[in-house]
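Chain by chain, the residues run as shown.
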Amino acid sequence: MDGFRYLNNVVTLALDQPTCTGCGRCVEVCPHQVFIIARGKAVLADRDACMECGACALNCPVKAITVDAGVGCAIGIISEWLRERKLSKGRYC
Amino acid sequence: MPCISSKLVYADHLGTCKARWGIGRMNYIVPPGLYACGAPDSGSPVVVTANYKMTYDAVRQALAGRNVWVLVLETFGINVWCAAGKGTFGTEELVRRVTSSELAKVVTHRRLVLPILGAPGVAAHEVTRRCGFTVSYATIHAVDLPKYLDNGMVTTPAMRALRFSWYDRLVLIPVEVVLELKSLAVISAVVLLACAAAGGLPVGMAAFVAYVGAALSGIVLGPLLLPWLPGKSFALKGAVVGLLWTCCFLLLTGGHWTPLATTAAFLILPSVSAYHTLNFTGCTTFTSRSGVRKEMRFGLPVMGISIVTGTLLLVLSRFIQG
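Throughout this description, residue numbers start from 1 for each chain and increase along the sequence as written. To label them, take the chains in the order written and letter them from A, then take the ligands in the order written and number them from 1. Since the coordinates come from a predicted model, pLDDT governs what is reported: local features require at least 70, and pairs of side-chain atoms require 80 or more to be given and counted, while whole-chain, interface and lining totals use all residues. In computing side-chain properties, one takes all heavy atoms of the structure into account and sets aside hydrogens as well as water.

Student: I keep staring at the overall build of chain A and nothing clicks. Help me out?
Tutor: Scanning chain A from terminus to terminus reveals three helices and four strands. We count a stretch as a helix when DSSP gives it H or I for four or more residues in a row; a strand needs E for two or more, and each element gets its number in order from the N terminus. Each helix and strand of chain A, ordered N terminal to C terminal, gives the series β-α-β-β-α-β-α. When we talk radius of gyration, it's over C-alpha atoms, and the globule rule is simply 2.2 Å times the number of residues to the 0.38. Relative to the globule expectation of 12 Å for 93 residues, the C-alpha radius of gyration of chain A, 16 Å, shows a markedly less compact shape. With the principal axes as the frame, chain A shows a C-alpha extent of 50 × 30 × 20 Å. Exposure is judged per residue with a 1.4 Å probe applied to protein chains only, and the accessible area is read against the type maximum: over 50% gives exposed, under 20% gives buried, and values in between give partly exposed. In chain A, which comprises 93 residues, the share counted as buried stands at 41%. Restricting to contacts in chain A with at least 6 residues of sequence separation, those with at least 24 account for 46%. For the accessible areas, the method is Shrake-Rupley and the probe is 1.4 Å, while residue cover comes only from the protein chains on display. Summed over all atoms, the accessible surface of chain A reaches about 4900 Å², with 54% contributed by carbon and sulfur. Pairs of residues are marked as contacts when any of their non-hydrogen atoms sit within 4.5 Å.

Student: Got a minute to help me understand a nonpolar patch on the surface in this structure?
Tutor: Side chains of Trp166, Tyr167, Leu170, Leu221, Leu225 and Trp228 of chain B sit close together on the surface and give an oily, nonpolar patch of about 640 Å² of accessible area. Broken down by element, the residue count for the nonpolar patch peaks at three residues, all from helix 8 (residues 166–170) of chain B. A residue counts toward a patch only above 30% relative accessible area and without a salt bridge, and it is joined to like-charged neighbours within 9 Å or, for Val, Leu, Ile, Met, Phe, Trp and Tyr, to nonpolar neighbours within 5 Å. Salt-bridge detection follows one rule: a side-chain nitrogen of Lys or Arg within 4 Å of a carboxyl oxygen of Asp or Glu.

Student: Where do I start with unusual backbone geometry in this structure?
Tutor: Excluding glycine, most residues fall at negative phi; most peptide bonds, likewise, are trans. Even without being glycine, Asn9 of chain A reaches a positive phi, approximately 55°. Examined against the element boundaries, Asn9 of chain A turns out to sit in the segment before strand 1 (14–15). For Asn9 of chain A, a relative accessible area of 66% corresponds to the exposed category. At Glu102 of chain B, a position not held by glycine, the phi torsion is positive, near 50°. As for its placement among the helices and strands, Glu102 of chain B is situated in the loop between helix 4 (91–100) and helix 5 (103–106). By relative accessible area, which is 43% here, Glu102 of chain B ends up partly exposed.

Student: Any chance you could explain the domain arrangement of chain B here in plain terms?
Tutor: Quoted interface sizes are often the accessible area lost when the parts come together. Where each domain begins and ends is defined by an automated method or by a domain database. Partitioning chain B into domains gives domain 1 (3–163) and domain 2 (167–321). Taking only C-alpha atoms into account, the centre of domain 1 of chain B sits 39 Å from that of domain 2 of chain B.

Student: Would you mind showing me how to read the pairing of strand 2 (residues 35–38) of chain A here?
Tutor: Residues and elements named next belong to chain A. Strands are treated as partners if at least two bridges between them are detected by DSSP. Of the strand pairs in this sheet, strand 2 and strand 3 (residues 41–44) are connected by four bridges, and their pairing is antiparallel. Paired with Ile37 across the strands is Ala42, a residue of strand 3. Hairpin remark: strand 2 followed by strand 3, antiparallel, with two residues in the connecting loop; positive phi at Arg39, about 50°.

Student: What is the right way to read the environment of Leu117 of chain B from this model?
Tutor: Note that Leu117 of chain B resides in the loop between strand 5 (111–114) and helix 6 (124–131). Taking the C-alpha atoms as reference points, Leu117 of chain B and Leu300 of chain B, separated by 183 residues in sequence, lie 30 Å from one another. If near-sequence neighbours (up to four positions away) are discounted, Leu117 of chain B is found in contact with Pro31 of chain A together with Val80, Trp81, Ala84, Ile140 and Leu162 of chain B.

Student: Sorry if this is basic, but what is going on with the packing of helix 9 (residues 173–199) of chain B against helix 10 (residues 201–224) of chain B here?
Tutor: When two helices pack together, their arrangement is captured by the angle between the axes and the distance separating the axes. Residues and elements named next belong to chain B. In this description, a line fitted to the C-alpha atoms serves as the axis of each element, helices being fitted only across the stretch in contact, and the angle between N-to-C directions of two axes falls anywhere from 0 to 180 degrees. Two numbers describe how helix 9 lies on helix 10: the axes approach to 8 Å, and their chain directions differ by 160°. It follows that helix 9 is roughly antiparallel to helix 10 by the angle criterion. Seen from above, helix 9 lies across helix 10 with right-handed handedness. Note on terminology: angles under 35 degrees are roughly parallel, angles over 145 are roughly antiparallel, angles of 65 to 115 are roughly perpendicular, and the others are oblique. Put simply, a crossing is left-handed when the front helix is turned counterclockwise from the back one by less than a right angle, and right-handed when it is turned clockwise.

Student: Can you help me understand the sheet that holds strand 3 (residues 46–49) of chain B in this one?
Tutor: The strands making up a sheet associate through hydrogen bonds between their backbones, and the pairing can be parallel or antiparallel. Residues and elements named next belong to chain B. The strand order across the open sheet formed by six strands is 1-2-4-3-5-6, and the pairing between neighbours is mixed. Where the open sheet ends on each side, the last strands, each with one partner, are strand 1 (3–4) and strand 6 (134–137). The pairing of strand 3 with strand 4 (residues 68–72) spans four bridges and is parallel. Note on strand 4: the bridge partner recorded for Val46 is Trp69. Against the sheet, helix 2 (residues 53–62) engages strand 1, strand 3 and strand 4, with an angle of about 160° to strand 3. Lying on the sheet, helix 6 is in contact with strand 5 and strand 6; it crosses strand 6 at an angle near 150°.

What follows is the structure, encoded as structure tokens:
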């Protein structure tokens with residue numbers, strides 16, 4: 001998108017290709033063109049462009065995609081850490 | 001059936017302006033439900049959206065002159081993207097709203113048109129299984145909806161492309177400043193009082209300006225200059241604007257600072273800016289949670305150590321002078 005790129009080799013996105021039926025939903029929902037369909041199966045064409053929004057995993061009818069999706073803002077993650085350590089109820093946004 | 005106007009009037013623009021500054025942004029919530037835009041019939045498309053003021057305004061403006069059904073979901077005044085992340089723009093709410101509005105009796109087709117950025121909350125196959133309607137993820141931007149409808153409801157690659165222009169980033173900044181005002185006020189007051197107590201009012205004022213400048217550099221300049229700042233890490237980009245601000249500050253104040261105070265400024269101010277720019281990751285649509293976590297695991301300790309070291313240097317410089 002517009003030449004914006006984030007860090008490489010960090011995302012948790014994984015595709016189990018044997019399970020994939022090639023329906024193309026992931027291509028349809030991904031805002032960063034991470035997937036393409038090749039020979040009737042989804043392929044991770046640009047994994048580092050993933051922003052872990054989770055749209056592909058949620059919309060995959062055969063659950064072939066997994067990703068640790070969630071908020072990506074610093075304050076959100078800090079409040080998550082605090083909540084995990086039971087230091088705060090952690091309200092944000 | 002309530003009808004909606006596709007024309008934005010002065011009050012709508014004023015409301016947008018106020019909402020951008022965080023003023024009463026929850027006073028504009030659109031009641032969820034089914035609305036008619038133009039004179040839709042049983043064959044007209046059904047466009048689904050959120051009940052955030054600016055989202056709803058963008059959709060109805062885009063649909064000017066068209067006959068379309070608009071199904072507004074209850075997202076509690078939150079935009080599609082954030083609401084999808086929270087799950088309020090989600091499968092449950094969509095199925096509930098389709099059922100409660102008796103959409104199946106209003107239209108003869110069984111197709112819902114959803115924004116692409118709503119997909120993180122909606123499982124299309126679940127919606128179909130539960131209410132019989134299929135889901136088409138149409139476009140990212142509401143402004144592309146007319147092209148989508150004219151294109152036989154087929155999404156082109158351009159409609160799927162995210163944009164994040166200078167202006168897109170600019171309009172996000174006021175509310176970021178407003179959200180940070182409280183912490184900025186508290187920290188800058190502490191900085192002012194502590195430095196004034198240690199070195200007199202002029203030193204306190206200088207420290208106050210230095211801190212507020214560093215924070216604003218991180219909140220305002222970091223996001224605006226985003227594509228032109230080096231590196232991919234937001235913390236690094238923030239540190240760079242902070243470094244620029246530190247140089248400006250030292251030059252503007254005449255550069256008569258002791259070496260210890262100068263070193264302290266170079267340690268503290270870029271860290272402050274780095275933190276604030278790192279926080280802008282929450283406003284973007286290309287940063288991943290894992291990436292932000294990685295930046296924070298590395299960045300927060302570095303920022304913390306820099307700020308503590310810088311503060312110790314300031315205390316030390318006071319003793320040397322004193």
